[in-house]
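Each chain, written out:
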Amino acid sequence: MKVIQLWDKAIRIYHWSQLLLLVALWFSAEQGYLVVHQVLAYTLAALLLSRLVWGFVGSETARFAHFLQSPAQLLRKWNKAKHGIGHRGLSAYMSLSLMLLLVLQFISGLMTTDDVMTEGPLYSAVSSDWSSFASWFHHNNFNLLLVLIAVHVVAALFHGLKKDGVLGAMLHGKLESEAEQPAVKSTFWYLLLVLVFAGIFALWQGMALYQQW
């Protein structure tokens, strides 16, 4: 057994930032701080889009090709799926599901309005029926996200009780394993992606948000 770097800093930055931002997004929506809500949404979107890109060009354990398996592969190689390093088996599907639902949550939010003073930037580009559906989806999809997050937390606590090191690895990135050290890329590139996407959102909607402030 040796200590390997399982998760790079980029994955850990995204994971914990996502958690904190989701809490802040819920609170800002509940309190009616809709401009703050939009700023937080663009921040999470920049982190999320960067994570999706990182899934193709990032560290080995961050890549979708490393951990995603077809249902048939999952059934054929269940033991390998359970005991491999990184996201494996059902946890891989959970991670991808959360990311895809967050993408849909962001897109639907762009089409909604509070019927008072705040409109998403795509609200005027879609029909009233589409906007109504987006509002319905935005609300109910968040409830679905909460359910999946609860399942994710329970699974993390289960790993904590097993003391297999998986829970701690999401904090410090390291894990005792017989596996070889996976390739790790510099976090600089992930943070650069975040800045690029954040800059795009700022150019697109920065002035509109400033005027609503």
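Residues numbered from 1 in each chain as written. Predicted model: local features only at pLDDT ≥ 70, side-chain atom pairs only at ≥ 80, totals over all residues. Heavy atoms only, no water.

Considerations on the packing of helix α1 (residues 9-31) against helix α2 (residues 34-57)
When two helices pack together, their arrangement is given by the angle between their axes and by how far apart the axes lie. For the record, the criterion: Fitted lines through C-alpha atoms serve as axes, helices being fitted only where they are in contact, and the angles separating the N-to-C directions of these axes extend from 0 to 180 degrees. Only DSSP runs of H or I covering at least 4 residues are called helices, and only runs of E covering at least 2 are called strands; the numbering of each starts at the N terminus. When describing relative orientation, an angle under 35 degrees is termed roughly parallel and one over 145 degrees roughly antiparallel, while 65 to 115 degrees is termed roughly perpendicular and anything else oblique. Each crossing is labelled by how the near helix is turned from the far one, with a counterclockwise turn of less than a right angle marking it left-handed and a clockwise turn marking it right-handed. What makes two residues a contact is simply this: any of their non-hydrogen atoms within 4.5 Å. Gly counts as polar in this scheme, as do all residues outside two lists: the nonpolar Ala, Val, Leu, Ile, Met, Phe, Trp, Tyr, Cys and Pro, and the charged Asp, Glu, Lys and Arg.
At a minimum axis separation of 9 Å, α1 and α2 run at an interaxial angle of 155°. As judged from the angle between their axes, α1 and α2 are roughly antiparallel. In terms of crossing hand, the pair formed by α1 and α2 is left-handed. In contact with A10, I11, Y14, S17, Q18, L21, L22, A24, L25, S28 and A29 of α1, α2 contributes V36, H37, L40, A41, T43, L44, L47, L48, R51 and W54. Here the residues of the contact of α1 with α2 are counted per class, giving 15 nonpolar, five polar and one charged.

A word on the side chain of D8
To keep it simple, the criterion reads: Each residue is assigned to one of three classes by its accessible area relative to the maximum for its type, calculated with a 1.4 Å probe on protein chains only: buried under 20%, partly exposed between the two thresholds, exposed over 50%. Positive charges are assigned to Lys and Arg, negative charges to Asp and Glu, while His and the chain termini are left out of the count. Note on definitions: salt bridges are taken to be side-chain nitrogens of Lys or Arg within 4 Å of carboxyl oxygens of Asp or Glu. A 3.5 Å cut-off defines polar contacts: any pair of N or O atoms within that distance qualifies, except that in protein one atom must be a possible hydrogen donor and the other a possible acceptor, and neighbouring residues in sequence count only when both atoms are side-chain atoms.
Here D8 lies in the loop between β1 (2-5) and α1. Nearest to the buried, unbridged D8 among oppositely charged side chains is R12, at 6.2 Å. In terms of polar contacts, D8 uses its side chain to reach the backbone amide nitrogen of I11, at 2.8 Å. Side chain to side chain, D8 and W54 meet in a polar contact 3.0 Å long. Once you skip the residues sitting within four places of it in the chain, D8 turns out to touch W54, S59, V184 and K185.

Observations concerning the packing of aromatic side chains
Stated precisely, the cut-off is as follows: A pair of Phe, Tyr and Trp rings is counted when the ring centres sit within 6.5 Å of each other, with Trp represented by its six-membered ring. The angle between the planes then sorts it: under 30 degrees is stacked, over 60 is edge-to-face, the rest tilted.
Enumeration according to the criterion identifies 12 aromatic pairs in this entry. Their ring planes at 40° and their centres at 5.3 Å tell us that Y42 and F201 sit as a pair that is tilted. Taken together, the positions of Y42 in helix α2 and F201 in helix α9 (residues 187-212) put the pair 159 residues apart, joining distant regions of the chain. Classification of F201 by relative accessible area gives buried; the value is 11%. Summarising the aromatic geometry, the rings of F188 and W189 are spaced 4.9 Å apart at their centres and angled 75° between planes, so their arrangement reads as edge-to-face. Grouped by ring-pair contacts, the aromatic residues Y42, F106, F201 and W204 constitute a single cluster.

Some points on the packing of helix α6 (residues 90-109) against helix α7 (residues 128-162)
The N-to-C vectors of α6 and α7 enclose an angle of 155°; their axes lie 9 Å apart at closest approach. Classified by the angle between their axes, α6 and α7 sit roughly antiparallel to one another. Taken as a pair, α6 and α7 cross one another with a handedness that is left-handed. Across the interface between the two elements, M94, S97, L98, L101, L102, L104, Q105, S108 and G109 of α6 pack against A134, F137, H138, N141, F142, L144, L145, L148, I149, V151 and H152 of α7. Taken together, the residues of the contact of α6 with α7 sort by class into 13 nonpolar, seven polar and no charged.

Some details on the side chain of Q18
The topology assignment puts Q18 in helix α1. Since its relative accessible area comes to 12%, Q18 is described here as buried. If we ignore the near neighbours within four places in the chain, the residues touching Q18 are L44 and L102.

Some thoughts on the nonpolar core
Selection criterion: Each nonpolar core is a collection of buried residues, namely Ala, Val, Leu, Ile, Met, Phe, Trp, Tyr and Cys, held together in the definition by side-chain atoms within 4.5 Å.
Y14, L102, F106 and Y190 are the most contacted members of the largest nonpolar core, which has 41 residues in total. Those elements that place two or more of their residues in this core are α1, α2, α3 (64-67), α6, α7, α8 (166-172) and α9. Take this core: its biggest share by element is 10 residues, from α2. Filtering out sequence-adjacent residues up to four positions away, L102 remains in contact with Y14, Q18, L22, L44, L48 and L145.

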